[in-house]
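# Descriptive analysis of the structure
Listed below are the residues making up each chain.
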Amino acid sequence: MLTLKSCINIDDLGRLAAWKVPFPVNDYVEGGADDEVTLRRNREGFGDYQIVPQGLQDVSQISTHTRIMGCDSALPFYISATGFSGMMCPKEAELAGVRAAAKFAVPYTASTFSNRSLEEISQASAGDKLFQVYVLDDEKLAAELNQRARQAGFKGMVLTIDTIVGGNRERDARSGLTIPPKLTMKSVMQYMLRPWWLIGYLQSDGASMGNFPHMPKVSLKDSQAFVIAMSKLFKKDLTWSDAEDMIQKWGGPFAVKGIMSASDAVRACQAGASTIILSNHGGRQLDGVPSPIELVEEVRAAVGPDVEIIVDGGIRRGTDVFKALALGANSCSLGRAYVRGLSAGGQAGVEKALSILKAEFERCMILAGCSSIDQIGPEHIRRIR
Ligand SMILES: Cc1cc2nc3c(=O)[nH]c(=O)nc-3n(C[C@H](O)[C@H](O)[C@H](O)COP(=O)(O)O)c2cc1C
């Protein structure tokens, strides 16, 4: 039987996660939009590249230290924003990830749609944190949230631009998942198959909207009701001039997440962003778009050497991180690799995920002949397709 201890890679953690959480929750995590072409492509894209080791370098000492959005990071990867962590781990929710990230000295990103409030997340660890913001139509609420993020000590802001409306996630429509999970005749049967999860869920306030304490509870009549309710919250006439405004008001490290072309990367830089996050939301939004890994070279060429580029999507191996860096990225962020750990074992599971990727990345650096992050370059990679 698979246990946290016996998991040796991120896919093992995914298999364990599937045993730990009800299947609609697991499908919510693992699924993508429409035909899931982009979801698959995000992984397949890495297979188009080979690592080219440079032999006989002195790799007796290696350093994996780097900087991510103005934060010192012990590794060139960190935890991306994922909402509603209380669904995957009712007991610990976001606190599991932020504590694990601090132990590994990598940044943690809190989502606007966290179950725990950004103040609670901030207080849970002394590690560096970023705040991911969805731009809300209610300007007062949006300004309040930014102010709270600043006061709570978040180091950088991440503006997600690919979620103006929810993606068409057909697995959720089929499973009947509601967010937060609701106990109905049908769902209770599914949840009873995962009794430990159910007990944790009933004992927690996993259904709370941590950052919106005054928001009336969303009425969830069916699986799409939540997506529609949330979509109504978003500002749909958002433009680059709004982004420019936000960047100026924040005044610190600022990333635009959801960039899928060189032209948008250039626009984000012109608006004043310090960081470009190449991302298609893990294939959960618009199906049929490019995968982040295949964009790195052209985006690096378009924005020049000084802009920070983060690859977000499909990272499951230390070698994936190495390939992204060799192509010109500065670091990578983890979505499902982290959530699988969270579902599989809360904080201990997230630590397991980070330790697996750390060991894989370090081994890759040594075998490829690199002793520091800045030594990883184009000579270490070739495209084969
Ligand atoms: C369960 C889940 C919830 C997510 N919630 C958010 C969110 O609240 N905000 C956001 O910007 N991205 C969100 N994302 C997208 C991730 O930040 C990230 O872009 C994506 O997961 C990367 O792809 P990967 O899962 O293949 O690593 C979510 C992803 C997952 C899997």
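All figures in this text were calculated on a predicted structure; none of them were measured in a lab.

Definitions and limits used
Residues numbered from 1 in each chain as written. Predicted model: local features only at pLDDT ≥ 70, side-chain atom pairs only at ≥ 80, totals over all residues. Heavy atoms only, no water. Near = heavy atom within 4 Å. Polar contact = N/O pair within 3.5 Å; in protein donor to acceptor, adjacent residues only side chain to side chain. Areas by Shrake-Rupley, 256 points an atom, 1.4 Å probe, with all protein chains shown as cover. Nonpolar A, V, L, I, M, F, W, Y, C, P; charged D, E, K, R; others polar. Axes fitted to C-alpha atoms, helices over the stretch in contact; angles between N-to-C directions. Helix = DSSP H or I, 4+ residues; strand = E, 2+ residues; numbered from the N terminus. Parallel < 35°, antiparallel > 145°, perpendicular 65-115°, else oblique. Left-handed = near helix turned anticlockwise from the far one by under 90°. Contact = heavy atoms within 4.5 Å. UniProt positions renumbered as here; feature names shortened; annotations may be inferred. Salt bridge = Lys/Arg side-chain N within 4 Å of Asp/Glu carboxyl O. Buried < 20%, exposed > 50% of the residue type's maximum accessible area, 1.4 Å probe, protein only. Phe/Tyr/Trp six-rings, centres within 6.5 Å; stacked < 30°, edge-to-face > 60°. Lys NZ or Arg CZ within 6 Å of the ring centre and 35° of its normal.

### As for the site of the ligand
A81, S111, T160, D312 and G314 are the nearest of the 22 residues found near the ligand. Here an oxygen atom of the ligand sits 2.9 Å away from a polar atom, N or O, in the side chain of K257. Compared with its free state, where it exposes 600 Å², the ligand has 98% of that area covered by protein. For the shell around the ligand, the class distribution of residues is five nonpolar, twelve polar and five charged.

### Focus: the packing of helix α7 (residues 139-151) against helix α12 (residues 240-250)
In contact at an axis separation of 11 Å, α7 and α12 are set at 30° when each is read in the N-to-C sense. One way to sum up the angle between α7 and α12 is to call them roughly parallel. Crossing geometry of α7 relative to α12 is assigned as right-handed. Two secondary-structure elements touch here, α7 through N146, A149 and R150 and α12 through M246, K249 and W250.

### Topic: the UniProt feature "active site" (unreviewed entry) in the protein chain
In the numbering adopted here, UniProt assigns the feature "active site" (unreviewed entry) to H281. On the secondary structure map, H281 appears in the loop between β9 (275-279) and α14 (296-303).

### Quick word on the pattern of salt bridges
Counted according to the given criterion, the structure contains 20 salt bridges. Among the salt bridges present, the one from R383 reaches D48, with a minimum N-O distance of 3.5 Å. Placement of the pair is R383 in strand β12 (residues 381-383) and D48 in the loop between α3 (37-44) and β1 (49-51), with a sequence separation of 335 residues. Residue classification places R383 among the partly exposed positions, given a relative accessible area of 42%. Among the residues examined, D48 registers a relative accessible area of 6% and is labelled buried. One salt bridge in this structure joins E360 and R317, with 2.7 Å as the shortest N-O distance.

### Some details on the packing of aromatic side chains
Summed over all chains, the structure comprises six aromatic pairs. Ring centres of F84 and F113 lie 5.9 Å apart, and the angle between their planes is 15°; this geometry places the pair in the stacked category. Of this pair, F84 sits in the loop between β4 (77-79) and α4 (85-88) while F113 is found in the loop between β5 (108-110) and α6 (118-124), placing the two residues 29 residues apart along the sequence. Considering the side-chain rings of W197 and Y201, the 4.9 Å spacing of their centres and the 5° angle between planes classify their relative orientation as stacked. With W197 and Y201 both in helix α10 (residues 195-203), this residue pair falls four residues apart, about one helical turn. What makes W197 buried here is its relative accessible area of 5%. Looking at R284, its charged tip hangs above the ring of Y28, at a distance of 4.8 Å from the centre.

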